[in-house]
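# Architecture and fold: a report
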Amino acid sequence: MTLLVTAAALAIGLLIGLVIGLLKVSQRRIFSVPATSYVEVFRNTPELVQLIWVYYCIPLLFGLPMAATTSCIIALGLNAGGYLGEVFRAGIQAVDKGLIEAGRSLGLSHFQTMRKITLPLALRTMLPPFVNQSIALLKNSSLVSVLGVADLTFQAQVIATNTFRVIEIFTGTAACYFIFLTILSYLARFLEKWLTAYR
Amino acid sequence: MEESKIMVKVERVNKFYKKLHVLRDIDMEVRRGEVTVLIGASGSGKTTLLRCMNHLETINSGRILVDGEPIGCWANEKGVLCKDPERILNRKRSQIGMVFQRFNLFSHLTVLENVMLALTTVKKMQKEEAREIAIQQLKHVGLPDKIDSYPSRLSGGQQQRVAIARSLAMQPKLMLFDEPTSALDPELVGEVLETITNLAKEGMTMIVVTHEMGFARELAHQMLFLHDGVILEQGTPEEILNNPKFERTKAFLGKIL
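Here's a quick rundown of the structure. Treat the numbers as computed from the prediction; the structure is a model and nothing was measured.

Each value, and the rule that gives it
Residues numbered from 1 in each chain as written. Chains lettered and ligands numbered in written order. Predicted model: local features only at pLDDT ≥ 70, side-chain atom pairs only at ≥ 80, totals over all residues. Heavy atoms only, no water. Helix = DSSP H or I, 4+ residues; strand = E, 2+ residues; numbered from the N terminus. Buried < 20%, exposed > 50% of the residue type's maximum accessible area, 1.4 Å probe, protein only. Contact = heavy atoms within 4.5 Å. Pairing = 2+ DSSP bridges. Axes fitted to C-alpha atoms, helices over the stretch in contact; angles between N-to-C directions. Parallel < 35°, antiparallel > 145°, perpendicular 65-115°, else oblique. Left-handed = near helix turned anticlockwise from the far one by under 90°. Nonpolar A, V, L, I, M, F, W, Y, C, P; charged D, E, K, R; others polar. 1 Å grid on protein atoms, 1.4 Å probe; cavity = no way out; pocket = protein on both sides within 12 Å on 5 of 7 lines; lining within 4 Å. Points joined across faces, edges and corners; volume = space filled by probe spheres on them. Core = buried A, V, L, I, M, F, W, Y, C linked by side-chain atoms within 4.5 Å. Buried area = accessible area lost by both parts, 1.4 Å probe. Salt bridge = Lys/Arg side-chain N within 4 Å of Asp/Glu carboxyl O. Polar contact = N/O pair within 3.5 Å; in protein donor to acceptor, adjacent residues only side chain to side chain. Expected span 1.5 Å × (residues − 1).

The next thing to look at is the overall build of chain A. If you tally the helices and strands in chain A, you get eight helices and zero strands. Starting at the N terminus and walking to the C terminus, you meet the elements of chain A as α-α-α-α-α-α-α-α. Dimensions along the principal axes, computed over C-alpha positions, put chain A at roughly 70 × 45 × 25 Å. Buried residues in chain A amount to 43% of all 199 residues. Across chain A, contacts joining residues at least 24 apart in sequence account for 72% of those joining residues at least 6 apart.

With that settled, consider the sheet that holds strand E3 (residues 35–40) of chain B. All names here are of chain B. Taking strand neighbours across the sheet as the criterion, the six strands line up as E8-E9-E10-E3-E11-E12 in an open arrangement whose pairing is mixed. The open sheet terminates on both sides in strands that have one partner only, identified here as strand E8 (96–99) and strand E12 (230–235). Mean inter-strand twist for the sheet, computed between neighbouring axes without regard to direction, equals 15°. Bridging between strand E11 (residues 222–227) and E12 involves five bridges; their strand directions are antiparallel. Residue pairing for E12: His-227 is matched across the bridge by Val-230. Its contacts with the sheet place helix H5 (residues 156–168) against E8 and strand E9 (174–178), and it is angled at close to 170° to E8.

Let's shift gears to the packing of helix H1 (residues 2–24) of chain A against helix H4 (residues 68–93) of chain A. Residues and elements named next belong to chain A. The N-to-C vectors of H1 and H4 enclose an angle of 40°; their axes lie 5 Å apart at closest approach. Taken as axis vectors, H1 and H4 run oblique relative to one another. Considering only the axes of H1 and H4, their crossing is right-handed. Its residues placed into classes, the contact of H1 with H4 shows 16 nonpolar, seven polar and three charged.

Quick look at the layout of surface pockets now. Taking a probe equal in size to a water molecule and rolling it over the atoms shows the remaining empty space. Quantified by volume, the largest pocket comes out at close to 1,400 Å³. Together, 29 residues line the largest pocket, and A:Val25, A:Gln27, A:Ile100, A:Arg104 and A:His110 are the ones closest to its centre. Those elements giving two or more residues to the lining of the largest pocket turn out to be H1, H4, helix H5 (97–105) and helix H6 (110–140) of chain A together with helix H2 (86–94) of chain B. Residue classes in the lining of the largest pocket are distributed as eleven nonpolar, nine polar and nine charged.

Let us look at the pairing of E8(B). Look at any regular strand and the pattern is simple: side chains alternate between the two faces of the sheet. All names here are of chain B. Judged by which residues are buried, E8 turns out to be covered on both faces: Ile-96 and Met-98 on one side and Gly-97 and Val-99 on the other are all buried. With four bridges joining them, E8 and E9 adopt parallel strand pairing. Bridge assignment links Val-99 to a residue of E9, and that residue is Phe-177.

A few words on the nonpolar core. Within the largest apolar cluster, 117 residues are counted, with the highest numbers of intra-cluster contacts made by B:Ile164 and B:Met206. Setting aside its immediate chain neighbours within four residues, B:Met206 contacts B:Glu34, B:Val35, B:Thr36, B:Met175, B:Phe177, B:Ile196, B:Leu199 and B:Ala200.

Our next topic: the interface of chain B and chain A. Facing 26 residues of chain B, the contacting portion of chain A comprises 22 residues. Its largest share of buried area at the contact with chain A, chain B owes to B:Phe106, B:His108 and B:Thr121, together 26% of the area lost on that side. For the pair chain B and chain A, the interface holds two salt bridges. Where A:Arg104 meets B:Glu86, a salt bridge forms, and the shortest distance between an N and an O atom there is 3.5 Å. Across the contact surface, chain B and chain A share seven residue pairs in polar contact (both at pLDDT 80 or more). Among the elements of the structure, H2, E8, helix H3 (111–121) and H5 of chain B are those that each provide at least two residues to the side of chain B that touches chain A. No other element matches H2(B), which puts four residues into the side of chain B that touches chain A. Its residues placed into classes, the side of chain B that touches chain A shows eleven nonpolar, nine polar and six charged.

This paragraph deals with empty space enclosed by the protein. Residues and elements named next belong to chain B. Within the structure shown, the criterion is met by one cavity of 30 Å³ or more. Quantified by volume, the largest cavity comes out at close to 60 Å³. Together, Val-66, Asp-67, Glu-69, Ile-71, Lys-92, Gln-95, Ile-96 and Lys-173 line the largest cavity. Classifying every residue of the lining of the largest cavity gives three nonpolar, one polar and four charged.

Right, let's get into the pattern of salt bridges. Scanning the model with the defined rule gives 19 salt bridges over all chains in all. For the salt bridge of B:Lys173 with B:Asp67, the shortest nitrogen-to-oxygen distance reads 2.9 Å. Note that B:Lys173 is positioned in the loop between H5 and E9 and B:Asp67 in the loop between strand E4 (61–66) and strand E5 (69–70), a separation of 106 residues in sequence. The partner of B:Lys250 in a salt bridge is B:Glu247, with the nearest N and O atoms 3.4 Å apart. Placement of both B:Lys250 and B:Glu247 in helix H9 (residues 247–256) is noted, with a separation of three residues, approximately one turn of the helix. Relative accessible area serves as the criterion here: at 40%, B:Lys250 is assigned to the partly exposed category. Each of A:Glu101, B:Lys15, B:Arg51 and B:Glu57 takes part in salt bridges that share partners, so that together they form one network.

A few words now on the sheet that holds strand E2 (residues 20–31) of chain B. Residue and element names in this part refer to chain B. Ordered in space as E2-E1-E4-E5, the four strands form an open sheet in which the pairing is antiparallel. This sheet does not close on itself; its edge strands, each paired only once, are E2 and E5. Judged from the five bridges that link them, strand E1 (residues 6–17) and E4 form a sheet pairing that is antiparallel. When the sheet's bridge partners are listed, Asn-14 is paired in E4 with Ser-61.

Our focus in this paragraph is the pairing of E2(B). Residue and element names in this part refer to chain B. In this structure, E1 lies alongside E2, joined through eight bridges in antiparallel fashion. Looking across to E2, one finds that Phe-16 is bridged to His-21. In textbook terms, the turn of a hairpin is the stretch between consecutive antiparallel strands, and for E1 and E2 this stretch comprises two residues, one of which, Lys-18, has a positive phi near 55°.

Residues and elements named next belong to chain B. Given a rise of 1.5 Å per residue, 16 residues ought to cover 22 Å, and the 23 Å separating the end C-alpha atoms of helix H6 (residues 186–201) matches this to within 8%. Those residues of H6 that sit buried are Leu-188, Val-189, Val-192, Leu-193, Thr-195, Ile-196, Thr-197, Leu-199 and Ala-200. Buried positions along H6 lie against E3, helix H4 (127–140), H5, E9, strand E10 (205–209) and helix H7 (213–219). Positive backbone phi, approximately 100°, marks Gly-203, located one or two places after H6.

Everything listed here is a matter of coordinates, which is why it stays silent on function.
Printed below as a string of structure tokens:
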């Protein structure tokens, strides 16, 4: 459940992050201002508060009944999108402007340059902070236990309450998270080496 | 048909960068098949003028015509400001090649992919056809065996030659060179100048911003000396290098010759 929630939220966050990042580097304020506001809102409020807010307020505002799991995925996804938006923006702006000029002077359109030159190069720069954010997301997913979603932390609480063996259970839980994240980190390091082989 | 002999016509161009008047009433012409060299101190506007020719920089007044068509933005007969929509600007740019001081090769792509990119993306060519043309151009600049290397593995001179091949693959009518050898170690300058010389001998219309006076003297049909945004001297290399009219020109030449 933990992995499901994390993966789903990450997917949403990636999509939102890409959109936000692209909007933020736009010259037109009509695009960049809402994007900046979005990032500020989701970075300057605690994840737990966002989770609870989405769970209670979305059904109220949109009249859609929503399971705890779904609303948590959405909330975490929106939150990740805010952070990843900044990651995308920084990655895009880190690309050597000379290469972009070379692309434009060959006759590539703005979108073609973005797709074939800027984004592939930006991706290499973005990988470390992206991994950071994924790690944070996995850890924040433990907050969903507060809303009753049956993730790792929730199960741990249940078992601990029934067996009264709090120390053992929670050490084990921490170990589980640690193992997940160590594997993730290794995968990320491998991916980064593969992507920057040309350097 | 006198007009078609002229590849580039710059008419009363002015450019301001914030409050700085970087190009002042520039008038110049480049004839088809000829090499024009722009010289001047840094800040004189020579690079800015070059970059205006494919609209990498905008102009504030006047117009620039490439092969009879105005490029970028200009004022029409009624004085109304016209601007090329992006699609048309991209098409015009694809017919003008540009070589940069810092090469600007796409570091995430191999040499072959660098040269093929514009062919497949802009000209919408099939991969095989693009590959053939790319290999041919790389042979043209003397690098047939580097096609699968990444730019970071090449010397500066090799990278610049790949950049030249990349522009040539699009079969441009005009080539713009922005100090092509300034970022190179001295022993690598020769191979790039040789490539550019061959190109000139094949009849390519070129505008080159450079400090390489030997090259200019040999190949240029026209030389322009810019100072403070104004064309101070204009003529053949012999005229300017041997008989400069202005003190400023003499002072500049004194420093670089």
